[in-house]
Amino acid sequence: MLRLWRSPNTKLQLGLIPALIAAVLVPVIALTLVATPETAEAEAPVCGTAVPAEKTALVADCTALLSIKRFFLAGKPSGTDENGNRVRGTSPNGPAVEKLDTWGPDKPIADWYGVTVYKDRVRRIHLPSTRYKESTTDKKTRSILTGTLPEGIGELTALRQLNLSGNNMVGPIPKSIGKLKYLKQLNLAGNDMTGRIPAGLGQLRLNTLILKNNEFEKAFPTFDHPGTLKVVRINKIPDLKGCYPAVWSASGHTTTAKTAESLKSDETAIDACP
């Protein structure tokens, strides 16, 4: 019969076994994790050489833009047919890829298409639909963006201008838009966006708000600073309800879109607030 050797230190020896196992396995597991390509990719600087590491605020903007890019390209590119009507999916891997390919860690952020950097912050995103020619006389429009506007847009806290008009964007305006306290111009016209207009939008000191030709619904938000708005275009949104600030139709207000007249039409069921 096999007998285990016992000594006065048997209990001590047995107590050391878990520590010995841990000493052997932990480094092996750690080495495996470090060697995993996915882990290495996750730990690598997202923005690479696009932004110097010491410019921390711009690095944060760069990281936010690269995250937003995935949402911008989530759908199928669209274009126009021979009659000028917008259709989906006519330009696979088209201008969206061509333009936003410049958004990457190997190219300076100041060279990214549609992005304006000033004093080490992203101040402007200008990505309206592009115009192209199929012949010397035939001009058409083509979407750059085909996805959604994500909550990550609220991370670009120094943004002053956002123009995504004439694309194929879907889904709602994210609630995080209310975090963009320096935003002055917002143009989302001519997309297929839906849902409620977030209340946070009404807290901004905008001077330009263009949302026409979308499918927004429910209540129009209350504006904390209605007098700052000089350009307002929210017509052709039939399911939008509520009222707009009376100051927009006042004789001394310089709204260039003739807001009162356009909103009293059958295209939008909104009138001046009492």
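All figures in this text were calculated on a predicted structure; none of them were measured in a lab. (Residues numbered from 1 in each chain as written. Predicted model: local features only at pLDDT ≥ 70, side-chain atom pairs only at ≥ 80, totals over all residues. Heavy atoms only, no water.)

Q: Residue-level account of the overall build of the protein, with values.
A: The secondary structure content of the protein amounts to five helices and 16 strands. Residue burial in the protein is summarised as follows: out of 274 residues, 40% are buried. Partitioning the intrachain contacts of the protein with sequence separation of at least 6 by distance along the chain shows that 48% fall at a separation of at least 24. Accessible surface computed for the protein: about 15500 Å², of which carbon and sulfur atoms make up 56%. (Helix = DSSP H or I, 4+ residues; strand = E, 2+ residues; numbered from the N terminus. Buried < 20%, exposed > 50% of the residue type's maximum accessible area, 1.4 Å probe, protein only. Contact = heavy atoms within 4.5 Å. Areas by Shrake-Rupley, 256 points an atom, 1.4 Å probe, with all protein chains shown as cover.)

Q: Which residues make up the nonpolar core, and what values go with them?
A: Residues Phe72, Ile125, Leu164 and Leu211 are the most contacted members of the largest nonpolar core, which totals 50 residues. Taken together, the elements giving at least two residues each to this core come down to α3 (56-72) and β4 (121-126). No other element matches α3, which puts seven residues into this core. Here Ile125 is in contact with Leu65, Gly114, Ile153, Leu156, Leu159, Gln161, Leu162, Asn163 and Leu164, once residues within four sequence places are set aside. (Core = buried A, V, L, I, M, F, W, Y, C linked by side-chain atoms within 4.5 Å.)

Q: So, the sheet that holds strand β3 (residues 115-118): which residues are in play, and what are the values?
A: The mixed open sheet is built from six strands, whose spatial order is β3-β4-β7-β9-β11-β13. Two strands in the sheet have a free side with no partner beyond their single neighbour: β3 and β13 (231-233). Going from strand to strand, the sheet's axes swing by 15° on average, the running direction of each strand aside. Relative to strand β11 (residues 208-210), strand β9 (residues 185-187) is paired through three bridges, and the arrangement is parallel. (Pairing = 2+ DSSP bridges. Axes fitted to C-alpha atoms, helices over the stretch in contact; angles between N-to-C directions.)

Q: Talk me through the sheet that holds strand β10 (residues 192-196); I want residue IDs and the actual numbers.
A: Strand order in the open sheet formed by four strands is β8-β10-β12-β14, and the pairing between neighbours is parallel. The two strands at the open ends of the sheet, each matched to only one other strand, are β8 (170-171) and β14 (240-241). Of the strand pairs in this sheet, β8 and β10 are connected by two bridges, and their pairing is parallel. Note on β10: the bridge partner recorded for Val170 is Asp192.

Q: Tell me about the environment of Ser165, and please be specific about residues and values.
A: Its location among the elements puts Ser165 in the loop between β7 (161-163) and β8. Residues Ser165 and Leu127 lie 38 residues apart in sequence; the distance between their C-alpha atoms is 7.3 Å. What Ser165 contacts, discounting residues up to four positions off in sequence, is Leu127, Pro128, Ser129, Asn187, Leu188, Ala189 and Asn191.

Q: Got a sec to walk through the state of the cysteines? Specific residues and values, please.
A: Simply put, the disulfide is a covalent bond whose two ends are the sulfur atoms of two cysteines. In the structure shown here, the tally under the stated rule is one disulfide. One disulfide bridge connects Cys47 with Cys62, the sulfur atoms lying 2.0 Å from each other. Linking Cys47 and Cys62, the disulfide has an S-S dihedral of approximately -120° and is accordingly described as left-handed. Residue Cys47 is located in the loop between α2 (37-43) and α3, and its partner Cys62 is located in helix α3; the two are separated by 15 residues in the primary sequence. Take Cys47 and Cys62: they sit in the same class, and that class is buried. (Disulfide = S-S within 2.5 Å.)

Q: Give a description of unusual backbone geometry that names residues and reports values.
A: Glycine aside, residues mostly have negative phi, and peptide bonds are mostly found in the trans state. For Lys119, which is not glycine, the phi dihedral falls at a positive 50°. Note that Lys119 resides in the loop between β3 and β4. Even without being glycine, Asn213 reaches a positive phi, approximately 60°. Mapped onto the elements, Asn213 comes out in the loop between β11 and β12 (215-219). Asn213 sits in the partly exposed class, given a relative accessible area of 34%.

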